[in-house]
Amino acid sequence: MYTMPKFFHANPRDKKTSFMAALSMLLIIKILCLANFAEATTSKPLPSQFAKLSRSTTTPGAPSSTDTSPCKGTPYKAACQSLLLTLNTNNNDDLPKTPKELFDYSVHFTSSQAHSAIDQLATTFLGQTYQEIDMTRLPGSGMRDCMELLDDTLDQLSNVINRKNDPTHTHNDVQTWLSAAVTNQETCKESLLENVKKNHLEKFDVIDSTVKNLSQFISNSLALYVSSYGLPSTSPRGRKLLTDQSNIINDFPSWLSLSERKLLEASVGEIEAHAVVARDGSGTHTTIAEAIRQVAASLDGGGRNVIYIKAGTYKENLNIPSKQKDVLLYGDGKGKTVIVGSKNAADGSTTYDSATVGVMGDGFIAKDITFVNSAGPSKHQAVALRVGSDRAVIFGCSIDGYQDTLYTLSKRQFYRETDIYGTVDFIFGNSAVVFQNCNIFARNPGTGQKNFVTAQGRTSPDQNTGISIQNCQIEAQSVTYLGRPWKQYSRTVVMQSSLDGSIDPAGWFPWAGGSSPSSIYYGEYMNSGPGSSTSGRVNWPGYHSSLTSTEAEKFTVGSFISGNVWLPPTGVAFDSGLGG
């Protein structure tokens, strides 16, 4: 694997440095000390009601545990204990008495921590209050990345808190929101690592500590939710599958109006655009960025933001923040409407900020557009399209780059009839994403590099994330691996796809060393072509060379991203299951 000569150019998915390991250890010691100190100085013991909040599920065959604490199954027990200490009040009637009530309290507490974190960072490092900041105009840096990701985290936690006001929400929604909030903190830390030489050390320490604390509270909330509601998990904790799906809505979602349905079936002339972008001045705007800003202002956050981009090459870097939802960008076709940027790691951008087009607002749709990062292989991380939008659809597009071409950051995404070009880890991230009927093409890598189609970043068994490639064509100009595990719980499947002879017989490649964690989940199902033979594949505990139809079905549009609920109104063609 190619190793960058400078730290701030290094791949953010490389092993943590000893410096960061030391920082992490100091933070853990600090948290433990604070928790122990608080417990030692509390005059009253924890109320006995907490004993009733123990986890009800255990690993089959495992010895019984005497630990009945509600923190028993949380990944960060010191943080969980500090949460419990905040509940030590005189009024026991207000205490949560069930796991579900404890989860609700945990989310409210975590949301307050997130608000405090973003207020502190905004005031300390930007000299503004959080409310005063325009996320679209912050200068690119690890700090900007963290502010934008914290902003999105607040939205995700708010969604969870307000879920009871919306009868159409599903368990998959809540798990998606919390999974994204965890991913946001991981992404912030990666951006800080990339920018560490550009920030003063004291600033880095403050941000890193704040983000890690918040990450632990969110991860615990996610674990409490999955446990309380009996959701599926790949954790060895042995949870049962959810059987009550009565709150899943099979009709059109309430958030999509009648006038918006079948958008992707319509021709250019049939879609009424709020703005038309044309370089020759024949539209309402000559730049896409200005069209997006004006449409957002005129609609004041309500309704679909429809922007038609006429044929031409637009050299712009676009950022659509969390607050700007339901943006539809459509062009005149692949190779005709082209958006080009060239930001990259070698020239100082973070991976997150290098994106030619970055989208965080939910409900994003792109049709008939080519997204390009033209930096080239020598510039290393250079993202063409980054998507952190929930219920995002990319249809009939082309995504063109080299290393880290497509950043499927978080939440639920669907790609159909889209071409994706790249080299190293060129489809990566931690969303729940399905690719159908796409052409995936690996170019010749740079000197000393290897090609990896995917690098999936799942950090917790409680996250409902992963990459599913179904009915796609995978081709390459040189030897290529289907993927490598970026994080401990990396999850990727390739199903019913055609693999050409360039696929290395081993199929998959370890991140570092000669093996991979047993906690990963990699699988193949009924693939075809000269590269599809699994006889020479890796011998990893977490690799499944021949999934059963039941196992593969879990990674289809209907099951994995709840696509039957939100895709039909868009008009995009999709296969709900395995078909045939």
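Provided above is the structure to which this section pertains.
For clarity, every value in this text was computed on a predicted model and none was experimentally measured.

Trainee: Can you tell me about the packing of helix α3 (residues 99-126) against helix α4 (residues 142-161), naming the residues and giving the values?
Mentor: Packed helices, taken two at a time, are described by their axes: the angle between them and the distance between them. Close contact between α3 and α4 brings their axes to 10 Å; oriented N to C, the two are set at 155°. Considered as vectors, α3 and α4 are oriented roughly antiparallel to each other. Relative to α4, α3 is oriented so that their crossing is left-handed. Between α3, through F103, V107, H108, T110, S111, A114, H115, I118, L121, A122, F125 and L126, and α4, the contact on the second element is made entirely by M143, M147, L150, D151, L154, L157, V160 and I161. When grouped by side-chain class, the residues that make up the contact of α3 with α4 number 15 nonpolar, four polar and one charged.

Trainee: Quick rundown of the pattern of salt bridges? Include the residues and the values.
Mentor: Inspection of the entire model under this criterion finds 24 salt bridges. Across the salt bridge formed by D151 and K323, the nearest N and O atoms sit 3.0 Å from each other. With D151 in helix α4 and K323 in the loop between β4 (318-320) and β5 (327-330), this pair connects stretches of sequence that are 172 residues apart. Judged by relative accessible area, which is 3%, D151 ranks as buried. Accessibility expressed as a relative area gives 48% for K323, which makes it partly exposed. Taking the shortest distance from any N to any O, the salt bridge between D347 and K379 comes out at 3.1 Å. Taken as a pair, D347 in the loop between β6 (337-341) and β7 (357-359) and K379 in the loop between β9 (370-373) and β10 (385-387) lie far apart in primary sequence, 32 residues in all. Using a relative accessible area of 26% as the deciding quantity, one classes K379 as partly exposed.

Trainee: Can you explain helix α7 (residues 288-299)? Please cite residues and give values.
Mentor: Taking 1.5 Å per residue as the helical rise, α7 with its twelve residues ought to reach 16 Å, and the 16 Å between its terminal C-alpha atoms agrees with that figure. Of the residues making up α7, those classed as buried are I288, A291, I292 and V295. All buried residues of α7 lie within an arc of 100° about the axis, which places them on one face of the element. Here the buried face of α7 lies against β1 (275-277), β2 (305-309), β3 (312-315), β4, β5 and β6. Two or three places before E290, at the start of α7, stands the capping residue T287, its side-chain oxygen 3.3 Å from that residue's backbone nitrogen.

Trainee: Could you give an account of the sheet that holds β7, naming the residues involved and the relevant values?
Mentor: Consider a sheet: its strands pair through backbone hydrogen bonds, and that pairing is either parallel or antiparallel. Judged by pairing direction, the sheet is parallel, and its seven strands sit side by side in the order β4-β7-β10-β13-β16-β19-β22 without closing on themselves. If you trace the sheet from one side to the other, it starts and ends with β4 and β22 (480-485), each paired once. Each strand of the sheet is rotated relative to its neighbour by a mean of 15°, with strand direction disregarded. Looking at chain direction, strand β19 (residues 451-456) and β22 are connected through five bridges and run parallel. In the strand pairing of β22, Q456 is matched with P485.

Reading the values: rules and limits
Residues numbered from 1 in each chain as written. Predicted model: local features only at pLDDT ≥ 70, side-chain atom pairs only at ≥ 80, totals over all residues. Heavy atoms only, no water. Axes fitted to C-alpha atoms, helices over the stretch in contact; angles between N-to-C directions. Helix = DSSP H or I, 4+ residues; strand = E, 2+ residues; numbered from the N terminus. Parallel < 35°, antiparallel > 145°, perpendicular 65-115°, else oblique. Left-handed = near helix turned anticlockwise from the far one by under 90°. Contact = heavy atoms within 4.5 Å. Nonpolar A, V, L, I, M, F, W, Y, C, P; charged D, E, K, R; others polar. Salt bridge = Lys/Arg side-chain N within 4 Å of Asp/Glu carboxyl O. Buried < 20%, exposed > 50% of the residue type's maximum accessible area, 1.4 Å probe, protein only. Expected span 1.5 Å × (residues − 1). Arc of directions from axis to C-beta. Polar contact = N/O pair within 3.5 Å; in protein donor to acceptor, adjacent residues only side chain to side chain. Pairing = 2+ DSSP bridges.

Function cannot be inferred from these measures alone, as they are strictly geometric.
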